[in-house]
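Listed below, chain by chain, are the residues.
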Amino acid sequence: MISRSVPTYTYSDLWHSLKRRSQQGSDQVLRSRLAEMHHVKYVFLLDSARVALYALLKAYNRPGGVLMPAYTCIVVPEAVCYAGYTPVFVDIDYHSLNLTTKDVRQALRRDITVILATHLFGIPCELDELSGILDPDRVLLVEDAAAALGAEYQCQPVGSFGNAAILSFQATKVVAGEAGGALLTNDDNLATKVTRLLETAVPPVDSWQLFAKSFARKMVTSDRLYSLTQFGYRALHGEEMFEIVTPQNHIPQRFLANNSPFSNALITLQLDRLKWNLSRRRKLAQIYQEFLAGHPKLTHCRIPHRCLPAWIQYPIFVEDKKAFYKHMQHAGVDLSWTYRYSCADSYKKEGYPNAKKAAQTVVGLPTYPLLLDQQARAIARSASLY
Ligand SMILES: *Cc1c(COP(=O)(O)O)cnc(C)c1O
């Protein structure tokens, strides 16, 4: 059975990260690498992207509306609420899965203090136009590049355009650190305030615990064990193709945490092969594009000009998501059905048809770097028979 998601680390990475976790200055190495890559002065390494967003909003301290796409990860509006702001949803463009400048312009109200430019599934949104319509003294442009490490927009990495950006290193992202997120900014004033805020941060998750978790994840996502994993997952969680998720209203305990030295070491090791990682993802996406071009029932996402996505998965639009999912299950392939909800529904906001439609009709073909070309071709061949 082919897994929907396999973490990018190897067993050897895990072992080396455990050994390196106590080396002096290793966090500084990761900070400098990310800073250099994104042309920013400041990098904060936190427990997750949601914590990075929370820390940024707290430090910015201008509670008001935060404009964001209605189709995104639920933890994003949750973090916005924890920080004392209000999520203000904008419907996505169904074909690109991201926000359009036109819709953002229409939604800009006086009480909006922050805009989240989200690069969903690693596909860059129209950054250029977006920054053009904003008054930098009034609204902070934050890139949600959680899923898009290394994606390029007009030959520059995303995360280097806004006033700040957040990155994620969770298990399903471009580079999996098992845990981890980063906050990037060039703004001296914001950086000072974030530094002050982080004096109240709680200690990171224990390295041994993360080592055990990542080791287990590596095992259960292997081709050999995956059928069993899926069986267990289904028994525990079931399988919903579309749902309305309830947002968490209370800030979790120990939320504001730094990232663990283990995860930082694990991320650093994998940055050495980020180029390979991204080129694998792009190759796999290309295989799907070529094999499935013109298929009557499967359509592809529209990519803005002069963009190189980072493809944490390859989204496909299909009218009957469940039927296609089942068809692929029979062929031995597990597809990703995230995100299977619209955040507008979660916050009981009416009138976001595209977000809802995306939640009901988008499935992800796997693009993790360890997937082989021949596997991707087999996946595409099976998909083409749908
Ligand atoms: C994964 C993801 C997040 C959340 O990242 P965490 O590190 O899990 O908090 C936020 N936004 C987008 C677009 C994501 O894909």
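Residues numbered from 1 in each chain as written. Predicted model: local features only at pLDDT ≥ 70, side-chain atom pairs only at ≥ 80, totals over all residues. Heavy atoms only, no water.

Novice: Break down unusual backbone geometry for me, with residues and values.
Specialist: Look at the link from T338 to Y339: it is a cis peptide, with omega at -5 degrees. Phi angles above zero are rare outside glycine, and F121 is one such case at about 55 degrees. Within the secondary structure, F121 is located in the loop between β4 (112-118) and α6 (127-132). One non-glycine residue, Q154, lies in the positive phi region at around 45 degrees. Residue placement: Q154 occurs in the loop between β6 (152-153) and β7 (156-157). (Helix = DSSP H or I, 4+ residues; strand = E, 2+ residues; numbered from the N terminus.)

Novice: Could you give an account of the site of the ligand, with specific residues and numbers?
Specialist: Surveying the vicinity of the ligand reveals 13 residues, the closest of which are A49, R50, D144, S168 and K173. Interatomic distance of 2.7 Å between a side-chain N/O atom of S168 and an oxygen atom of the ligand. Here an oxygen atom of the ligand sits 3.0 Å away from a polar atom, N or O, in the side chain of Y339. Secondary-structure elements contributing two or more residues to the shell around the ligand are α3 (49-60) and α4 (75-82). Class assignment of the residues belonging to the shell around the ligand gives a composition of six nonpolar, four polar and three charged. (Near = heavy atom within 4 Å. Polar contact = N/O pair within 3.5 Å; in protein donor to acceptor, adjacent residues only side chain to side chain. Nonpolar A, V, L, I, M, F, W, Y, C, P; charged D, E, K, R; others polar.)

Novice: With reference to specific residues and values, describe a nonpolar patch on the surface.
Specialist: Residues Y11, F215, M219, V220, L225 and L228 make up a contiguous nonpolar surface patch of roughly 520 Å² in combined accessible area. No other element matches helix α8 (residues 207-220), which puts three residues into the nonpolar patch. Tracing the backbone shows V220 in helix α8. A relative accessible area of 34% places V220 in the partly exposed class. (Patch = residues over 30% accessible without salt bridge, like charges linked within 9 Å, V, L, I, M, F, W, Y side chains within 5 Å. Areas by Shrake-Rupley, 256 points an atom, 1.4 Å probe, with all protein chains shown as cover. Salt bridge = Lys/Arg side-chain N within 4 Å of Asp/Glu carboxyl O. Buried < 20%, exposed > 50% of the residue type's maximum accessible area, 1.4 Å probe, protein only.)

Novice: Please provide a residue-by-residue account of the sheet that holds strand β12 (residues 314-318), values included.
Specialist: The antiparallel open sheet is built from three strands, whose spatial order is β10-β12-β13. With partners counted over all chains shown, the strands left at the sheet margins are β10 (298-300) and β13 (362-365), one partner each. For this sheet, the mean angle separating the axes of adjacent strands, direction not counted, is 40 degrees. Here β10 runs beside β12; their pairing, made up of three bridges, is antiparallel. Considered in β12, the bridge of H300 is made with I316. (Pairing = 2+ DSSP bridges. Axes fitted to C-alpha atoms, helices over the stretch in contact; angles between N-to-C directions.)

Novice: Quick one: what's the story with the sheet that holds strand β11 (residues 307-308), residue by residue and with numbers?
Specialist: Strand order in this open sheet of three strands is β7-β6-β11, and the pairing throughout is antiparallel. Looking at the sheet topology across the chains shown, the edges are occupied by β7 and β11. Looking at chain direction, β6 and β11 are connected through two bridges and run antiparallel. Paired with E152 across the bridge in β11 is L308.

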